[in-house]
Amino acid sequence: MRKGKLIQIIAYLFLAGFVLRFITGVHLPAIVVVLVILMVLLFTGSKKKSGKKEDQLPNLTKNKEEHYAKLGMTDQEIDFFRDTMNITKKQIVQLQENMNASTKLRAIDLRNDTLRVSKALFKELVKEPKKLHLASHFLYTHLPNLVDLTTKYLEIDDHEIKNKQTYEKLEESSQIIDQVSKLIKKDYEQFVSDDLEDLDIEISVAKNSLKRDNENKDNFNS
């Protein structure tokens, strides 16, 4: 609610208080106090509701709903998955802001493809929500830790006056951030490893099929 609108409401309430005084005979200050208290409660209540609305999940699209239904997911599984992915998306957005805020962090990101890998793993999970458990280290440990580490790094790096201990702490933090970034890359590689194994099998089958076709063709020609 805008400030001007709030002042207008207060003015109306005071006017209503005067009217009620002449109609009911109730003492004016008491009426005004009650009305103002009610107005404040309504105002703060509307603020709380708007705050909660920001944290709400986006609407479930028809395509996503059909996708989850085809996978045989229950309502509880869908809610848990969507809550988890909503949190993860916010963490990736925050990580991107953090990485882009520092030359040192950008270098770590470029070296490990941290953001690109995180977004890629997010997309894989969206396609295969039943595999959520396979990304537990990424979702609940590595990504949250990396967001916290980079946030703290930026706070320290923003100090106007730095001493030897400050620079040592920044260097130590950057090394840990680099290590956690490597772990996220491993998380992605492990998550897609089954797909790579399936591809190897399909390639092997295709090669054997081509070999048999060539042998049959040679026998036919001979």
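See above for the structure.
Note that the structure is a prediction, hence the values are computed from the model and not measured.

Novice: Report on the packing of aromatic side chains, specifying residues and quantitative values.
Specialist: According to the stated counting rule, one finds 1 aromatic pair in the structure shown. Pairing Tyr68 with Phe81 gives two aromatic rings, centres 5.8 Å apart and planes at 75°, and the pair type is edge-to-face. In this pair, Tyr68 sits in helix α3 (residues 62-70) while Phe81 sits in helix α4 (residues 75-100), placing the two residues 13 residues apart along the sequence. Tyr68 sits in the buried class, given a relative accessible area of 4%. For Phe81, a relative accessible area of 4% gives the class buried.

Novice: Describe in detail the layout of surface pockets, supporting the description with residues and values.
Specialist: Taken as a whole, the largest pocket holds about 350 Å³ of empty space. Residue lining of the largest pocket: 16 residues in total, with Pro58, Lys64, Arg82, Met85 and Phe122 positioned closest to the centre. Those elements that place two or more of their residues in the lining of the largest pocket are α3, α4 and α6 (114-127). Ranked by residues supplied to the lining of the largest pocket, first place goes to α4 with 7 residues. The residue inventory of the lining of the largest pocket, partitioned by class, reads 9 nonpolar, 3 polar and 4 charged.

Novice: Give a detailed account of unusual backbone geometry, specifying residues and quantitative values.
Specialist: A positive phi angle, close to 55°, is found at Asp113, a residue other than glycine. Turning to its location among the elements, Asp113 is positioned in the loop between α5 (103-112) and α6.

Novice: Lay out a negative patch on the surface with the relevant residues and their values.
Specialist: A surface patch of like charges, here negative, comprises Glu65, Glu66, Asp75, Asp79 and Asp83. Breaking the negative patch down by element, the ones donating at least two residues are α3 and α4. With 3 residues, α4 is the largest single contributor of residues to the negative patch. Take Glu66: it is sitting in helix α3. By relative accessible area, Glu66 is classed as partly exposed at 39%.

Novice: Break down the side chain of Arg82 for me, citing the residues and quoting the values.
Specialist: Along the polypeptide, Arg82 turns up in helix α4. Buried and unpaired, Arg82 has Asp79 as its nearest opposite-charge partner, separated by 5.4 Å. In this structure Arg82 touches Leu57, Pro58, Asn59, Leu60 and Tyr68, once residues within four positions along its chain are discounted.

Novice: Describe the nonpolar core, listing the residues and the values that go with them.
Specialist: In terms of nonpolar packing, the biggest core is built from 31 residues, with Leu95, Met99, Leu105, Leu125, Leu146 and Ile177 touching the most fellow members. Residue assignment for this core shows that the elements contributing at least two residues are α4, α5, α6, α7 (136-157) and α8 (164-191). Counting residues per element, this core draws most heavily on α7, at 8 residues. Contact partners of Leu105, with chain neighbours within four places excluded, come to Asn98, Met99, Thr150, Tyr153, Leu154 and Ile177.

What counts and what doesn't
Residues numbered from 1 in each chain as written. Predicted model: local features only at pLDDT ≥ 70, side-chain atom pairs only at ≥ 80, totals over all residues. Heavy atoms only, no water. Phe/Tyr/Trp six-rings, centres within 6.5 Å; stacked < 30°, edge-to-face > 60°. Helix = DSSP H or I, 4+ residues; strand = E, 2+ residues; numbered from the N terminus. Buried < 20%, exposed > 50% of the residue type's maximum accessible area, 1.4 Å probe, protein only. 1 Å grid on protein atoms, 1.4 Å probe; cavity = no way out; pocket = protein on both sides within 12 Å on 5 of 7 lines; lining within 4 Å. Points joined across faces, edges and corners; volume = space filled by probe spheres on them. Nonpolar A, V, L, I, M, F, W, Y, C, P; charged D, E, K, R; others polar. Patch = residues over 30% accessible without salt bridge, like charges linked within 9 Å, V, L, I, M, F, W, Y side chains within 5 Å. Areas by Shrake-Rupley, 256 points an atom, 1.4 Å probe, with all protein chains shown as cover. Salt bridge = Lys/Arg side-chain N within 4 Å of Asp/Glu carboxyl O. Lys, Arg positive; Asp, Glu negative; His and termini not counted. Charge placed at Lys NZ, Arg CZ, Asp CG, Glu CD. Contact = heavy atoms within 4.5 Å. Core = buried A, V, L, I, M, F, W, Y, C linked by side-chain atoms within 4.5 Å.

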